[in-house]
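# Examination of the molecular architecture
If you want the building blocks of each chain, they are given just below.
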Amino acid sequence: MRKAAFVISLFFAFLPALAQDIVPDSAQAETKATAVENAVPEAEPAESAPVQESKVAEAPVAVTVPETAPVVTDSAKPAKKAGLLDALFPIEPDESISKGHFYAGTTLSLIQANTEDDALNILIGDVYEAYGYTFTVEAFGGYFIRDAMALGLRAGYSRTWFDIDFSLMEDLMDVKERRKYVSNGFFVQPLLKNYLKVLDSRIFYLFNETSVSVEYSYGISQTDDGEDMKKTRNRGWSIKAGLNPGICVMVLDRFAFETSVGLLGLSSSIIDVEENDETSSRFVYNIVNFTINLLALDFSLVMFF
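Position numbers for residues start from 1 in each chain and track the written sequence from start to end. Reporting of local features is limited, given that this is a predicted model, to residues whose pLDDT is at least 70; pairs of side-chain atoms are given and counted only at 80 or more, and all residues count toward the totals for whole chains, interfaces and linings. Note that water and hydrogens are dropped before the side-chain values are worked out from all heavy atoms of the structure.

## Brief notes about the overall build of the protein
Let me state the cut-off plainly: A helix here means a DSSP run of H or I that spans at least four residues, while a strand means a run of E at least two residues long, and both kinds are numbered starting from the N terminus. Each residue is placed in one exposure class: buried if its accessible area under a 1.4 Å probe, protein chains only, is under 20% of its type's maximum, exposed if it is over 50%, and partly exposed if it falls in between. Throughout, a residue-residue contact means that at least one pair of heavy atoms, one from each residue, lies within 4.5 Å. Accessible areas in this description were obtained via Shrake-Rupley with a 1.4 Å probe; residue shielding takes into account the shown protein chains only.
Looking only at helices and strands, the protein has two helices and 11 strands in total. Split into buried and exposed, the 305 residues of the protein put 24% on the buried side. The long-range fraction of contacts in the protein, counting pairs at least 24 apart against all pairs at least 6 apart in sequence, stands at 65%. In the form shown here, the protein has an accessible surface area of approximately 21,200 Å², with 64% of it arising from carbon and sulfur atoms.

## Examining the layout of surface pockets
Convention followed: Points on a 1 Å grid over protein atoms alone make up a cavity when a 1.4 Å probe fits among them but cannot get out, and a pocket when they form an open set with protein on both sides within 12 Å along at least five of seven lines; lining residues each have an atom within 4 Å of a point. Grid points are joined across faces, edges and corners, and a volume is the space filled by probe spheres set on the points. Each residue gets one label: Ala, Val, Leu, Ile, Met, Phe, Trp, Tyr, Cys and Pro are nonpolar, Asp, Glu, Lys and Arg are charged, and the others, such as Gly, are polar.
By volume, the second largest pocket is sized at about 340 Å³. For the second largest pocket, the lining is made up of 14 residues, of which Arg179, Ser221, Thr223, Thr232 and Glu275 are closest to its centre. Of all the secondary structure elements, the ones that give two or more residues to the lining of the second largest pocket are β5 (175–196), β6 (204–224), β7 (229–250) and β9 (264–275). Element by element, the count of residues in the lining of the second largest pocket is highest for β7, at four residues. The residue makeup of the lining of the second largest pocket, split by class, is four nonpolar, five polar and five charged.

## Description of a negative patch on the surface
For clarity, the cut-off: Put simply, a patch holds well-exposed residues, over 30% relative accessible area, that have no salt bridge, with like charges counted together within 9 Å and Val, Leu, Ile, Met, Phe, Trp or Tyr side chains within 5 Å. Any carboxyl oxygen of Asp or Glu that lies within 4 Å of a side-chain nitrogen of Lys or Arg is treated as forming a salt bridge with it. Positive: Lys, Arg. Negative: Asp, Glu. His and the chain ends are not part of the count. Charged side chains are reduced to one point each, which is NZ for Lys, CZ for Arg, CG for Asp and CD for Glu.
A cluster of acidic side chains, namely Asp224, Asp225, Glu227 and Asp228, defines a negative patch on the protein surface. Mapping aspartate 224 onto the fold places it in strand β6.

## With respect to the packing of aromatic side chains
The following threshold applies: Ring pairs are drawn from Phe, Tyr and Trp, using the six-membered ring of Trp, whenever the two centres fall within 6.5 Å, and their geometry is named by plane angle: stacked under 30 degrees, edge-to-face over 60, tilted for the rest. Criterion for a charge above a ring: Arg CZ or Lys NZ at most 6 Å from the ring centre, at most 35 degrees from the ring normal.
Inspection of every chain in the model, using the stated rule, returns 17 aromatic pairs. Plain terms: the ring middles of tyrosine 216 and tyrosine 218 are 6.5 Å apart, the flat faces sit at 40° to each other, and that makes the pair tilted. Members of the aromatic cluster, joined through ring pairs, are Tyr103, Phe140, Phe144, Tyr195, Tyr205, Phe207 and Phe304. The ring of phenylalanine 207 has lysine 193 sitting right over it, with the charged end atom 4.6 Å from the ring centre.

## Some remarks on the side chain of aspartate 163
Our working definition: Pairing of N or O atoms within 3.5 Å defines a polar contact, subject to two protein rules: one partner must be a possible hydrogen donor and the other a possible acceptor, and residues neighboring in sequence count only if both atoms are side-chain atoms.
Considering the arrangement of structural elements, one finds aspartate 163 in strand β4 (residues 149–168). Side chain to side chain, aspartate 163 and arginine 178 meet in a polar contact 3.2 Å long. Setting aside anything within four residues of it in sequence, one finds aspartate 163 in contact with Glu129, Ala130, Tyr131, Arg178, Arg179 and Lys180.

## A closer look at unusual backbone geometry
Leaving glycine aside, a negative phi is the common case for residues, and trans is the common case for peptide bonds. Phi is positive for alanine 148, which is not a glycine, with a value near 65°. Positionally, alanine 148 belongs in the loop between β3 (125–146) and β4.

## Remarks on the nonpolar core
Where we set the bar: In this description, a nonpolar core means a group of buried Ala, Val, Leu, Ile, Met, Phe, Trp, Tyr and Cys residues linked to one another through side-chain atoms lying within 4.5 Å.
By size, the foremost hydrophobic cluster in this structure holds 16 residues, and its most contacted members are Ile97, Tyr103, Phe144, Tyr195, Cys248 and Phe304. Within the residue set of this core, elements represented by two or more residues are β3, β5, β6, β7 and β11 (297–304).

## Some thoughts on the pattern of salt bridges
Scanning the entire structure with this criterion turns up 10 salt bridges. Across the salt bridge formed by glutamate 258 and lysine 193, the nearest N and O atoms sit 2.6 Å from each other. Of the two residues, glutamate 258 is situated in strand β8 (residues 255–261) and lysine 193 in strand β5; the sequence distance between them amounts to 65 residues. Side by side, glutamate 258 and lysine 193 carry an identical accessibility label, which is buried. Each of Glu138, Arg154, Lys193, Glu209 and Glu258 takes part in salt bridges that share partners, so that together they form one network.

## Notes on the confidence of the model for the protein
Heads up, the condition is: Per-residue confidence from the predictor is reported as pLDDT, which spans 0 to 100.
Looking at the protein as a whole, its pLDDT mean stands at 75, while 62% of the residues score no less than 70. Of all the helices and strands in the protein, helix α2 (residues 70–75) carries the lowest mean pLDDT, 45, while β6 carries the highest, 92. In the predicted structure, residues 18–79 sits below a pLDDT of 50 and forms zero contacts with residues beyond four places in sequence or in another chain.

## Quick look at the environment of serine 268
As for its placement among the helices and strands, serine 268 is situated in strand β9. What makes serine 268 partly exposed here is its relative accessible area of 32%. When the C-alpha atoms of serine 268 and lysine 240 are compared, they prove to be 6.6 Å apart, with 28 residues separating the residues in sequence. Once you skip the residues sitting within four places of it in the chain, serine 268 turns out to touch Trp237, Ser238, Ile239, Tyr285 and Asn286. A polar contact of 2.8 Å, which involves the side chain of serine 268, links it to the side chain of asparagine 286.

Shown next as structure tokens:
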């Protein structure tokens, strides 16, 4: 009994010391738990702060989007004026002169001149009687490489004939002659043709034809002065370049009537002349023509397809 009482008294004697050792450990655990709990809320603002900063950083991106609007502003600026071309109407895809279409036709040209019954007095003499013409027939065609612009080719035949009775310098030389002349020629002519749609209509167009032609011709001339008769033969090559503005009128769905006139012409020719089968000579000459000959109109019937 004494031993049991001694053990119990010894236990109660050490119990307060054990309690003091245990209580600090639990307090330290609670302190650590509190620190952990307090650390979590502090970490959230640290993590949320960058999110707010990223939102602020993204805001300028949204602001810079309207800065691309000058593209619309630039397109709203008025286009530069281009003279007549600025007033042209657009070509619709199914129009006859739109890209991808073909055209073909024929042309007749006639220049004719003659005198009346009375003599025609000129500076160096008189023309008693004169008659002549130049006739040209040709075929042409082309392809529209773009709207209202076509590349084409012409090929044709021409004939010139005249008969003239005249006198020159009656007071000095008294030269009186009757001359007849006839010639035939063949030519090939590549061209570039531009149409202008100046009205909002598919019936009426303006156009200009820029061309370069190569021509070969031969002819014979006969001169009679009452005593002797002379015959002259000639052969020649010519290269010509010119501008031919005109008008196109659509008479049917795919048929048009065109007329044009020469506005500017440049030509270079080489001609070999042989007289009475005895003597021969060569002539080389160049011509620059800035005149408009309203008597030399070309008339064409054109089909578009």
